[in-house]
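Here are the chains, one letter per residue:
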Amino acid sequence: MMHTVGIDTSNYTTSIACFDGEGGLNISQLLPVKQGQLGLRQSDAVFAHTKSLPELSGRLFSHVQADAIKAIGVSTRPRAVEGSYMPCFMVGYSHAKLLSDVLRVPLIEVSHQQGHVAASLWSAGRLDLMDKPHLAWHLSGGTTELLLVEPEGKNVRCTRIGGTSDISAGQLIDRTGVMLELPFPAGKHLDALSATAISTEVFKVRCTDMEFSLSGVQNKVEQFYAKHQDAAETAGYALRCVAQAVYAATEQARKNYPGLEVVFSGGVASNSMLRSRMQPFAPVFSEPKYSIDNAMGVAVLTHRMAED
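Residues numbered from 1 in each chain as written. Predicted model: local features only at pLDDT ≥ 70, side-chain atom pairs only at ≥ 80, totals over all residues. Heavy atoms only, no water.

Student: Run through the overall build of the protein, naming residues and quoting values.
Tutor: Each helix and strand in the protein was counted, giving 9 helices and 12 strands. Relative to a compact globule of 308 residues, whose C-alpha radius of gyration would be 19 Å, the protein shows 19 Å and is just as compact. In terms of its C-alpha atoms, the protein occupies a principal-axis envelope of roughly 60 × 45 × 35 Å. When burial is assessed residue by residue, the protein has 54% of its 308 residues classed as buried. Excluding contacts between residues fewer than 6 apart, the proportion of contacts in the protein whose partners are at least 24 apart in sequence is 69%. Accessible area of the protein: about 13,300 Å², with a carbon and sulfur share of 51%. Across the protein, the 27 positively charged side chains and the 30 negatively charged ones have centroids separated by 3 Å. (Helix = DSSP H or I, 4+ residues; strand = E, 2+ residues; numbered from the N terminus. Rg over C-alpha atoms; globule rule 2.2 N^0.38 Å. Buried < 20%, exposed > 50% of the residue type's maximum accessible area, 1.4 Å probe, protein only. Contact = heavy atoms within 4.5 Å. Areas by Shrake-Rupley, 256 points an atom, 1.4 Å probe, with all protein chains shown as cover. Lys, Arg positive; Asp, Glu negative; His and termini not counted. Charge placed at Lys NZ, Arg CZ, Asp CG, Glu CD.)

Student: Can you break down the sheet that holds strand E1 (residues 3–9) residue by residue, with the values?
Tutor: The strand order across the open sheet formed by 5 strands is E3-E2-E1-E4-E5, and the pairing between neighbours is mixed. Sheet topology places strand E3 (24–30) and strand E5 (107–111) at the edges, where each strand pairs with a single neighbour. Taking each pair of neighbouring strands and ignoring which way they run, the sheet shows an average axis angle of 15 degrees. Pairing between strand E4 (residues 69–77) and E5: 5 bridges, direction parallel. Each bridged residue has a counterpart across the sheet, and for Val-74 the counterpart in E5 is Glu-109. Of the strands in this sheet, E1, strand E2 (13–19), E3 and E4 touch helix H1 (residues 42–61), which is tilted by about 25 degrees from E2. Lying over the sheet, helix H2 (residues 89–103) contacts E1, E4 and E5, oriented at roughly 160 degrees with respect to E4. (Pairing = 2+ DSSP bridges. Axes fitted to C-alpha atoms, helices over the stretch in contact; angles between N-to-C directions.)

Student: Now, about the side chain of Thr-76: what can you tell me, with residues and values included?
Tutor: Within the secondary structure, Thr-76 is located in strand E4. When sequence neighbours within four positions are dropped, the list of residues in contact with Thr-76 reads Phe-89, Tyr-93, Glu-109 and Val-110.

Student: Now, about the nonpolar core: what can you tell me, with residues and values included?
Tutor: The biggest cluster of nonpolar side chains holds 44 residues, and the ones touching the most others in it are Trp-137, Phe-212, Leu-214, Val-246, Phe-264 and Met-278. Contributing elements (two or more residues each) for this core: strand E6 (134–139), strand E7 (144–152), helix H4 (169–179), helix H6 (215–228), helix H7 (231–256) and strand E11 (262–265). Considering each element in turn, this core owes the most residues, 13 residues, to H7. In this view, Phe-212 contacts Trp-137, Thr-144, Gly-163, Thr-164, Ser-165, Val-205, Arg-206, Cys-207, Ala-245 and Ala-249; residues no more than four positions away in its chain are not counted. Among the nonpolar cores identified, the runner-up in size contains 18 residues, and Ala-71, Val-117, Leu-129 and Val-156 belong to it. (Core = buried A, V, L, I, M, F, W, Y, C linked by side-chain atoms within 4.5 Å.)

Student: Explain unusual backbone geometry to me, using residue names and the numbers behind them.
Tutor: Cis geometry is adopted by the peptide bond preceding Pro-185, which originates at Phe-184 and carries an omega value of -10 degrees. Its location among the elements puts Pro-185 in the loop between H4 and helix H5 (187–194). The backbone phi angle of Glu-181 is positive, close to 60 degrees, even though this residue is not glycine. Residue position: Glu-181 is located in the loop between H4 and H5.

Structure below.
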């Protein structure tokens with residue numbers, strides 16, 4: 001059985017995966033971020049990827065023989081749009097280019113965002129949506145975008161139709177986490193903390209034409225914590241505000257694009273409160289471990305694009 005290999009070096013995670021057309025294996029490692037910090041500088045992220053990727057690659061290739069690999073895929077930029085660039089993706093590209101040259105197999109380049117969409121669809125058992133228009137949220141540490149996703153050959157074209165005008169949902173969550181002295185990235189820790197929250201208070205973000213702002217929510221979260229001094233209730237408040245804004249934009253999108261299914265990808269999409277709030281839309285959610293940054297979606301896209 002022939003495999004494809006996918007590599008993704010985002011600003012949060014180093015990851016490498018293999019896919020055989022049905023299943024696969026993703027091996028990843030979070031970048032090291034000190035307590036109280038919000039991520040890494042690009043130079044530090046590049047160093048961390050350069051240090052981690054060979055070890056992760058070695059672990060993957062202990063499961064996959066070189067002569068069973070038909071293509072190498074890699075995410076080379078955050079989004080497939082003009083000017084989208086981050087230096088950390090060059091680490092993955094250089095590793096992928098070396099592998100493709102040595103193994104004499106094709107090198108296929110995709111975007112980090114396309115990989116997220118593919119990982120969600122594969123994990124949810126909905127790869128059929130790769131071949132038809134649908135809506136997708138990319139909710140992560142750096143991105144909160146509502147996308148119109150359309151087939152583009154064996155890949156997908158992602159067109160932004162809504163989302164935040166300033167900070168992302170992930171940034172709001174991570175800043176709340178720093179305030180509450182939680183590890184970075186704070187998503188899963190905030191999710192667990194909010195499980196005991198009983199308040200239903202929420203700041204309703206204004207949403208117009210599927211666009212909203214979250215910078216004001218950060219101030220509201222800080223005020224809420226200053227007033228209540230309760231970490232669990234503050235975590236719940238922050239997550240409810242995010243879920244309410246995403247719900248409002250999704251509701252507007254469903255009116256503008258009737259009949260299209262809604263897919264959720266990105267690390268924030270693993271949040272249990274968000275998943276519960278979105279149920280009226282019959283959403284497509286991936287397994288939580290494939291919502292966070294991973295290379296599986298890159299490997300899935302590479303397998304599709306390398307087909308004879």
